[in-house]
Amino acid sequence: MSLFSPQLVFHLAKARRVAVLTGAGMSAESGVATFRDAGGLWEKLKPEELANFEAFMSNPEIVQMWYAHRREVLNDVVPNPAHIALAGFEDLFDEFTVITQNVDGLHRRAGSRNIIELHGNILRNYCVACRQPAVDHELDRPAPDGVYRCAKCSGLIRPDVVWFGEMLPEGAIERADSAARTAEVFLSVGTSAVVYPAASIPITARITGAYVAEINVEKSAIGDDLDEVILGPAGVVLPQLLEAVVTRRAQ
Ligand code: BV8
Ligand code: ZN
């Protein structure tokens, strides 16, 4: 019993332009906690307490510690079969765009090349005062007041991610929107689809004519608006979907 429909395989086998939106569920099987699942990052601490500039300026130590912990977790994880399968899809199409909300850099480590990081990357950090990129030794040990500071001007070091209320990186949403509008097939993988503007991208793909399927262990907030909801872990579904498309093309 296949996890996905023959239509999806048919559409992918004949497609030339495909785009994918990924969320934290993509990295779950690598051992990276998601945000909103039980035990997820934000179960203990609320997003408003952590991922916004005001919280950072009033509580830099807590926010910096949270990101330092997440960077440490990344030292011990590797891309999982979902990331690797997605990298394998890239060469099957004239255009294949990975639009990710994830800030963990795992798509690139898995070999994906055409990636749009909508929410930045926690492996990049910079000083809020002089905006210079932070170098490793500035993240090795906090200043006497317990916070990580810029060695050049003593400003606070922050992760190069998009916090709530902050604009997405210059051009990112435009490029993602264009990829969604030209895609013949669009996959939404491992996202609860509650954060905007990212969550609107699969809908844009659908209303501009793409066949849109979501891959998730439970239906997301936009699941009812899509062509197909595939319930299963991305690390199981994506490798099977890749194999089905390659087999179909060989026929
Ligand atoms: C902006 C970076 C313009 C930092 C993040 C009211 C209505 C609508 C919008 C808003 C509103 N009020 C405010 C807004 C805007 C706000 C927003 O969307 N708020 C939401 C919460 C209502 N958006 C913003 O502020 C954005 N900026 O709009 O700018 C602007 C500017 C100024 C003034 C006005 C407007 C910026 C949003 C970016 C926030 N930054 N992260 C960091 O990572 O620390 S968001 C954060 O959530 C992560 O990036 C994460 O990727 C993202 C989405 O979460 P998911 O990835 O979906 O993860 P989640 O845990 O939720 O779900 C995991 C899913 O995986 C689940 O569905 C689960 O079932 C599934 N899963 C689990 N295991 C598996 C699996 N699936 C497959 N396989 C598995 N094995
Ligand atoms: Zn500085």
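Caption draft 1: Quick peek at the overall build of the protein. Across its full length, the protein carries 11 helices and eight strands. Counting only C-alpha atoms and orienting by the principal axes, one finds that the protein spans roughly 65 × 30 × 30 Å. Residue burial in the protein is summarised as follows: out of 251 residues, 53% are buried. Surface summary for the protein: the accessible area is close to 11900 Å², and the carbon and sulfur share equals 54%.

Caption draft 2: Examining unusual backbone geometry more closely. A cis amide bond, omega 0°, links Tyr196 with the succeeding residue Pro197. Position of Pro197 relative to the elements: it lies in the loop between β6 (185-189) and α10 (201-207). One non-glycine residue, Ala193, lies in the positive phi region at around 55°. Given a relative accessible area of 4%, Ala193 falls into the buried group.

Caption draft 3: Representation of the pattern of salt bridges in the model. Per the counting criterion, the structure on display carries 10 salt bridges. Here Asp145 and Arg149 are joined by a salt bridge, their closest N and O atoms 2.9 Å apart. The partly exposed category is assigned to Arg149, whose relative accessible area is 30%. With its nearest N and O atoms 2.8 Å apart, the salt bridge here joins Arg158 to Glu166. Among the charged side chains, a network of salt bridges with common partners joins Glu117, Arg124 and Asp160.

Caption draft 4: Geometry of the pairing of strand β7 (residues 211-216). With respect to burial, β7 is a largely interior element, six of its six residues being buried. What you see with β7 is no split at all: Tyr211, Ala213 and Ile215 on one side and Val212, Glu214 and Asn216 on the other are buried throughout. In the sheet, β6 pairs with β7 via five bridges, with the strands oriented parallel. Looking across to β7, one finds that Ser188 is bridged to Glu214. Following the chain from β6 across α10 to the adjacent parallel β7, one finds a crossover that is right-handed. Direction of pairing for β7 relative to strand β8 (residues 228-231): parallel, over a ladder of four bridges. Each residue of the ladder has a partner; that of Asn216, found in β8, is Leu231.

Definitions and cut-offs
- Residues numbered from 1 in each chain as written.
- Chains lettered and ligands numbered in written order.
- Predicted model: local features only at pLDDT ≥ 70, side-chain atom pairs only at ≥ 80, totals over all residues.
- Heavy atoms only, no water.
- Helix = DSSP H or I, 4+ residues; strand = E, 2+ residues; numbered from the N terminus.
- Buried < 20%, exposed > 50% of the residue type's maximum accessible area, 1.4 Å probe, protein only.
- Areas by Shrake-Rupley, 256 points an atom, 1.4 Å probe, with all protein chains shown as cover.
- Salt bridge = Lys/Arg side-chain N within 4 Å of Asp/Glu carboxyl O.
- Pairing = 2+ DSSP bridges.
- Right-handed = clockwise from strand over helix to strand, strands pointing away.

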